[in-house]
Amino acid sequence: MRMGNIWAPLARAIAATGTDRHVDCLIDLIGADIAHDLVTVTRYSATKTPEFVKHRRFSDEMVRRYLDNYYVFDPFYASWRRERRLGILPLKGLADEEARRGQYIAGFLAQSEICDEVGIMLADGGDWCLGIFLDRSTSSFKDSEIALLDERLPVFEALHALDTKARGSNFSRTSAPTGPGASPQQKPTIPTSLWPELSLRERELVQLILAGHPTANIAERLGITIGTVKNHRRRIYEKLDITTERELFLQFFQHR
């Protein structure tokens, strides 16, 4: 195993098990020699809404948006709900072509200025797992970096298991209330009460815009020209009194 610069953070992580410093020291260990720009830590349940545990260099506003709207499009949430997968999960291993155009990647991650992320998924008691995510803003994680995290995974798992055992069955990592988790989605659904001024054809086109499809792809799906798509989009914006796609997304999520 290549140890690099992790001896000092490893020692701190061992000493921090069972204390409030555990998650921070585990983050330091995981990211010791894996370059990253942001860190987010999220708990996923197979039955309840996710919990944000902490973050580094990430926006509190984006945390709120994630918990209010975007989590149902999160491929890591979907993976845990469906398969309860633990271990090292790169985003590129979970996201198919449609997901790459969809709300989590084209919407949430783009707004967060994140271009790639990798999750370290650790059992966290009951039907919960703890996801520690390393995020990058300008470049993707290399296969060699993913392989390095895979090599070290048994260490991360052992440390977190020791912490979970030391805390006892009644311990909770956050004080946030949780309710039943919504089913994972890839495609947003426009509520019937939203945008009644739009025609059925216009609603169909907006549905594709919200799903992240580019103009050329929308034209192909609807059997119309690119110019017709642009004309439809202009009329939709006029009806909704907006000028940008971002405003369209904001109206959609504010309504939800």
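Each remark here, short or long, concerns the structure printed above.
This structure is a prediction, so every number in the text was calculated from the model and none was measured.

Peer 1: Give a detailed account of the sheet that holds strand β5 (residues 128-136), specifying residues and quantitative values.
Peer 2: If you walk across this open sheet you meet the five strands as β2-β1-β5-β4-β3, and the pairing is antiparallel. With one partner strand each, in any of the chains shown, β2 (51-56) and β3 (87-90) form the two edges of the open sheet. On average, adjacent strands in this sheet sit at an angle of 20° to one another, irrespective of strand direction. Bridge count for strand β1 (residues 38-45) against β5 is eight bridges, and the pairing is antiparallel. Pairing of Val41 across the sheet is with Ile132, part of β5. Docked against the sheet, helix α2 (residues 22-30) engages β1, β2, β4 (116-123) and β5, running at close to 55° with respect to β2. Contacts from helix α4 (residues 75-83) reach β1, β3, β4 and β5 within the one sheet, and its direction differs from that of β1 by about 30°.

Peer 1: Let's hear about the packing of aromatic side chains: which residues, and what values?
Peer 2: A complete count under the given rule lists six aromatic pairs for this structure. Both rings, one in Tyr44 and one in Phe133, keep their centres 6.2 Å apart while their planes meet at 85°; by these two values the pair is edge-to-face. Of this pair, Tyr44 sits in strand β1 while Phe133 sits in strand β5, and the two are 89 residues apart along the sequence. The exposure classification of Tyr44 matches that of Phe133, with both residues buried.

Peer 1: If you had to explain the packing of helix α1 (residues 7-16) against α2 to someone new, which residues and values would you point to?
Peer 2: Two numbers describe how α1 lies on α2: the axes approach to 8 Å, and their chain directions differ by 160°. Judged by the angle between their axes, α1 and α2 are roughly antiparallel. Viewed along their axes, α1 and α2 form a crossing whose handedness is left-handed. Every residue of α2 that contacts α1 at Pro9, Leu10, Arg12, Ala13 and Ala16 is listed here: His22, Cys25, Asp28 and Leu29. Of the residues contributing to the contact of α1 with α2, the split by class is six nonpolar, one polar and two charged.

Peer 1: Please give an account of the side chain of His22 that cites residues and values.
Peer 2: Position of His22 relative to the elements: it lies in helix α2. Residues contacting His22, with those up to four places away along its chain left out, are Ala16, Thr17, Leu159, His160, Asp163, Arg167 and Arg173.

Peer 1: Can you break down helix α11 (residues 226-240) residue by residue, with the values?
Peer 2: Counted at 1.5 Å a residue, the expected span for α11 with its 15 residues is 21 Å, and the 21 Å between its end C-alpha atoms agrees. Looking at α11, one finds that the buried residues are Val229, His232, Arg233, Ile236, Tyr237 and Leu240. One side of α11 holds all its buried residues, which, seen down the axis, span an arc of 135°. Seen from the buried face of α11, the exposed residues on the opposite side, beyond 90 degrees, are Lys230 and Glu238. Looking at the residues trailing α11, positive phi occurs at Asp241, about 60°.

About the thresholds
Residues numbered from 1 in each chain as written. Predicted model: local features only at pLDDT ≥ 70, side-chain atom pairs only at ≥ 80, totals over all residues. Heavy atoms only, no water. Pairing = 2+ DSSP bridges. Helix = DSSP H or I, 4+ residues; strand = E, 2+ residues; numbered from the N terminus. Axes fitted to C-alpha atoms, helices over the stretch in contact; angles between N-to-C directions. Contact = heavy atoms within 4.5 Å. Phe/Tyr/Trp six-rings, centres within 6.5 Å; stacked < 30°, edge-to-face > 60°. Buried < 20%, exposed > 50% of the residue type's maximum accessible area, 1.4 Å probe, protein only. Parallel < 35°, antiparallel > 145°, perpendicular 65-115°, else oblique. Left-handed = near helix turned anticlockwise from the far one by under 90°. Nonpolar A, V, L, I, M, F, W, Y, C, P; charged D, E, K, R; others polar. Expected span 1.5 Å × (residues − 1). Arc of directions from axis to C-beta.

So far we have only geometry, and geometry alone does not tell us how the molecule works.
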